[in-house]
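Observations on the three-dimensional arrangement
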Amino acid sequence: MVILKFGGSSLADIEEIRRVTSIIESQLGRNPVVVVSALGDITNVLEHLADLSLEHSEKFVINELNDFFEPRLYRIISGVVSKNAEQQQCLSDVNRIMQELKNVYRGLTVVKELTPRAMDTLLSYGEKISQTVITHALRSMNIAGVEIPAQKCVITDANFGRADVLWDQTSRSVEEHVVPAIEQNQVPVLQGFVGGTSDGTVTTLGRGGSDYTAAVLGSILGAEDIQIWTDVDGFLNADPGLVDEATTIEKLNIEEAKELANFGARVLHPRTVLPAIERDIPVYIRNTFAPEKQGTVLSGDKTGAGIHCLTAVRDLVRIELSGTAQSREQFADLINSAGWSQIYLTMQSPNAMTAIVDPGEPRLIDRFCEELSDEIECRTETEIGIIGIVGESLTTNSEEYRNLIGILEKFEYDFFPYSPNSNRWLLAVKDFNLSEIFSTLFHEIFNANSGKTSE
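The sections below set out a description of the structure shown in this document. (Residues numbered from 1 in each chain as written. Predicted model: local features only at pLDDT ≥ 70, side-chain atom pairs only at ≥ 80, totals over all residues. Heavy atoms only, no water.)

A short note on the overall build of the chain
- What the chain contains, in helices and strands, is 14 helices and 16 strands.
- For the chain, whose C-alpha radius of gyration is 24 Å, the value lies close to the compact-globule estimate of 23 Å for 455 residues.
- Overall, the C-alpha framework of the chain stretches about 70 × 55 × 40 Å when taken along its three principal axes.
- Counting across all 455 residues of the chain, residues that qualify as buried make up 53%.
- Total accessible area on the chain stands at roughly 20000 Å², and carbon and sulfur atoms take up 45% of it.
- Of note, the chain has its 38 positive side-chain charges centred 4 Å away from the centre of its 66 negative side-chain charges. (Helix = DSSP H or I, 4+ residues; strand = E, 2+ residues; numbered from the N terminus. Rg over C-alpha atoms; globule rule 2.2 N^0.38 Å. Buried < 20%, exposed > 50% of the residue type's maximum accessible area, 1.4 Å probe, protein only. Areas by Shrake-Rupley, 256 points an atom, 1.4 Å probe, with all protein chains shown as cover. Lys, Arg positive; Asp, Glu negative; His and termini not counted. Charge placed at Lys NZ, Arg CZ, Asp CG, Glu CD.)

Structure representation (structure tokens):
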């Protein structure tokens, strides 16, 4: 059995959906279970229409919805569902879904309040439309696709917007709804990102929710592997925006993938597939637009000592707090509660703390410093970048460390060599130097270790 998850970019339009159904067809011998995200940018449109519903009339909102959805969906359906009878059934099903969606927006224009529960209901329609279109497209290819509602299968708590999966109940529901379909040689198609409480109320799983759905199903069903189909070949050994020669990493340990995600890589967040990795189920990141490529496989296996990849993030701010009367815990509380978009690094000494953060919005830095007591000194430095050097067994007594220090001899930087799993080093640099330092590191490290990466 294999879990095939397709992201929104893989479902953006007619040609993309045809590629997806072809990939599913090619793996019929492996009993595929399919997980789909919303078509293209539909989730963003649903959110936008929700905002409009709080400010505008029912007629205005429904007209906006019709203008976006109707021509696009009818064109896609006519392009991917080939049999006339199946196409008519798909159109009928999608029209029913659209009527439900319009009723939700009509309600919002009356109550003028968007609760987390209402938002989850709205957003779930993006995946529901994808599920219906893909199922009918498969049936028109004589593939026995069957829709299985995720809210009846992935059982969660009622933490709307970021619901937690209730594993025991979900396991029973998967056994009840998914397993019989597989045993009847059907192809189950489920919405990613969507779940439901025990009473059937729709919830969503938060960021990376579709990947998490795939991991949950794969873990419960004991899949041989999980394939995350997206618009990139997998994880690269460097940021392609900084070096043209970046290549795909064939095998990546999950801890390394976490570090890459924390410091700039945007392929997926590894925590979403941890349930599968913890059960020794490999997760493949593959490119829908280049299915002949094998992509990157994530697993819990070690991939060997050394530097395997580089990543970078820029436009950060360094904050230094000091004050003799304050404790390390007080500084940490101040930094952690400030509402930054992300905290990348913290370093503490008895009466001081340094943090490198993405503030999210520039004024947040000024407000943070202004609100501190007079006993605390706050110094800031903007236009800071971080380069992440990721691998395994990265210690300061290794040959890689000695080589790194030699490569960096002509540059100015702050070096942070310690991480909990000895799998990353960090360099803090000025933004204007980041590209040169990154390129130098890449060419020196991977020219010397070219056998560790591949196309």
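A short note on the pairing of strand β11 (residues 306–322)
- Counting buried residues along β11, 14 of its 17 residues qualify, which places the element largely inside the surrounding structure.
- Here β11 pairs with strand β14 (residues 377–392) via 13 bridges, running antiparallel. Directly across from Ser322, in β14, lies its bridge partner Glu377.
- Bridge count for β11 against strand β13 (residues 352–358) is six bridges, and the pairing is antiparallel. Looking at β13, one finds that Val317 is bridged to Val357. (Pairing = 2+ DSSP bridges.)

Regarding the packing of helix α2 (residues 42–53) against helix α4 (residues 84–111)
- Taken N-terminus to C-terminus, the directions of α2 and α4 make an angle of 35 degrees; their axes are 8 Å apart at the nearest point. Between α2 and α4, the contacting residues are Leu46, Leu49, Ala50 and Ser53 on the first element and Leu101, Tyr105, Leu108 and Thr109 on the second.
- Residues belonging to the contact of α2 with α4 are distributed by class as follows: six nonpolar, two polar and no charged. (Axes fitted to C-alpha atoms, helices over the stretch in contact; angles between N-to-C directions. Contact = heavy atoms within 4.5 Å. Nonpolar A, V, L, I, M, F, W, Y, C, P; charged D, E, K, R; others polar.)

Considerations on the pattern of salt bridges
- By the definition in use, this model includes 20 salt bridges.
- Across the pair Arg72 and Asp41 runs a salt bridge, and its minimum N-O distance is 2.8 Å. Of this pair, Arg72 sits in helix α3 (residues 58–80) while Asp41 sits in the loop between β2 (32–36) and α2, and the two are 31 residues apart along the sequence.
- Assessed through its relative accessible area of 37%, Asp41 is described here as partly exposed. (Salt bridge = Lys/Arg side-chain N within 4 Å of Asp/Glu carboxyl O.)

Let's talk about the nonpolar core
- In terms of nonpolar packing, the biggest core is built from 53 residues, with Phe6, Ile24, Phe69, Tyr105, Val133 and Ile134 touching the most fellow members.
- Every element with two or more residues in this core is listed here: β1 (2–6), α1 (14–26), β2, α2, α3, α4, α5 (116–139) and β4 (187–191).
- In terms of residue count, α5 provides more of this core than any other element does, nine residues in total.
- Setting aside anything within four residues of it in sequence, one finds Tyr105 in contact with Leu46, Leu49, Ala50, Ser53, Val61, Ile62, Leu65 and Leu122.
- With 44 residues, the next largest nonpolar core counts Ile148, Ala181, Tyr212 and Ala215 among its residues. (Core = buried A, V, L, I, M, F, W, Y, C linked by side-chain atoms within 4.5 Å.)

Any functional reading would require information beyond the geometric quantities listed.
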